[in-house]
Amino acid sequence: MPVRPPSLRAIAAFEAAARHESFTKAADELNLTQSAISHAIRSLELRLGVDLFDRFGRTVALTESGRAFVSRLRLSLNLISEAFEAPARPGRARLVVAATAGIAERILATRLPGYLSGNPDREIELRTVTGAAEVSAGEADVAVLYGAGACAGLTQRRLAGEALFPVAAPSADLPRRPEELIRAALIHQPEHPWRLWLEQVGLSDLPTPATLTADSPLAALELARNGAGVCLARGLLARDDLRAGRLVRLFDAEASLREDYTAVWNPASPRADMIRPFVDWLAAALDPGPAPVLHAA
């Protein structure tokens with residue numbers, strides 16, 4: 001006899017509560033009462049014969065069984081979502097790749113055509129995200145992130161390290177020694193303050209007045225490309241501009257960063273056999289190689 005599936009309301013209640021780790025936030029999202037969320041989840045627990053959440057007063061946290069269940073559930077929900085999406089063309093398989101804006105625009109956008117030319121049986125959907133949530137939710141197959149941190153239940157692979165160094169648009173009036181940065185227009189970016197690099201060259205006391213401040217590494221690079229001044233650049237974000245001559249690197253010295261570029265995916269994904277070769281290809285594609293440098297005169 002076929003097994004009757006649980007109610008979709010109970011599934012939605014559990015998924016929302018697992019994502020927020022809060023019955024209250026799940027109730028707000030689904031426009032239900034907190035009691036309704038609690039009863040729906042309890043019905044699932046009775047059916048499964050396990051506790052999905054540990055309850056500490058008003059605080060809840062997924063149990064080990066809850067984490068395993070939500071991982072399987074999200075894969076199933078992803079398959080349902082795919083039924084409503086445009087299918088891949090016959091003979092091709094689609095891979096949904098998520099990445100933060102800088103990685104999507106400055107790294108993947110220029111490299112994915114090479115992947116597709118070598119894999120004519122693949123289609124890529126590139127999505128801009130802020131973290132690994134889309135992979136956890138089954139909405140993306142693999143995420144490419146910078147400084148991802150721990151991602152519970154997901155497989156992570158380091159792709160490349162990163163370093164900071166000063167770059168600017170080509171000009172005859174660029175600083176030739178680090179000390180000369182005191183007369184340059186410096187572009188500030190809060191994520192990567194100038195002190196990180198200046199400490200590497202023994203100039204931590206060099207004044208760095210904020211001529212221009214950008215709220216993202218991409219905006220800082222755009223300002224530098226347009227001749228607004230000198231910015232600290234992450235090497236992989238600036239590499240294509242350096243190779244094309246739109247930017248020049250001012251000095252050999254660089255400040256290594258603790259964060260890495262990381263690929264994140266669900267090891268239980270039905271597309272795991274596609275994801276792993278893609279990650280291998282990406283790791284090779286991100287091998288930095290030598291960067292052009294405007295050496296001190």
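A short tour of the structure in this document, coming up. (Residues numbered from 1 in each chain as written. Predicted model: local features only at pLDDT ≥ 70, side-chain atom pairs only at ≥ 80, totals over all residues. Heavy atoms only, no water.)

Quick notes on unusual backbone geometry
Then, number 1: A positive phi is found at Glu21, a non-glycine position, where the angle reads about 50 degrees.
Then, number 2: Overall, the relative accessible area of 39% leaves Glu21 in the partly exposed class.
Then, number 3: Despite not being glycine, Asn31 has its phi angle at roughly 60 degrees, a positive value.
Then, number 4: As for its position among the elements, Asn31 is in the loop between helix H2 (23–30) and helix H3 (34–48).
Then, number 5: The class for Asn31 is exposed, based on a relative accessible area of 69%. (Buried < 20%, exposed > 50% of the residue type's maximum accessible area, 1.4 Å probe, protein only. Helix = DSSP H or I, 4+ residues; strand = E, 2+ residues; numbered from the N terminus.)

Let's talk about the packing of helix H5 (residues 101–118) against helix H8 (residues 217–225)
Then, number 1: Relative orientation of the contacting elements H5 and H8 amounts to 45 degrees, with a least axis distance of 10 Å. When the interaxial angle is binned, H5 and H8 end up oblique. Across from Ala101, Gly102, Glu105 and Arg106 in H5, the residues of H8 making contact are Leu218, Leu221, Glu222 and Arg225.
Then, number 2: For the contact of H5 with H8, the class distribution of residues is three nonpolar, one polar and four charged. (Axes fitted to C-alpha atoms, helices over the stretch in contact; angles between N-to-C directions. Parallel < 35°, antiparallel > 145°, perpendicular 65-115°, else oblique. Contact = heavy atoms within 4.5 Å. Nonpolar A, V, L, I, M, F, W, Y, C, P; charged D, E, K, R; others polar.)

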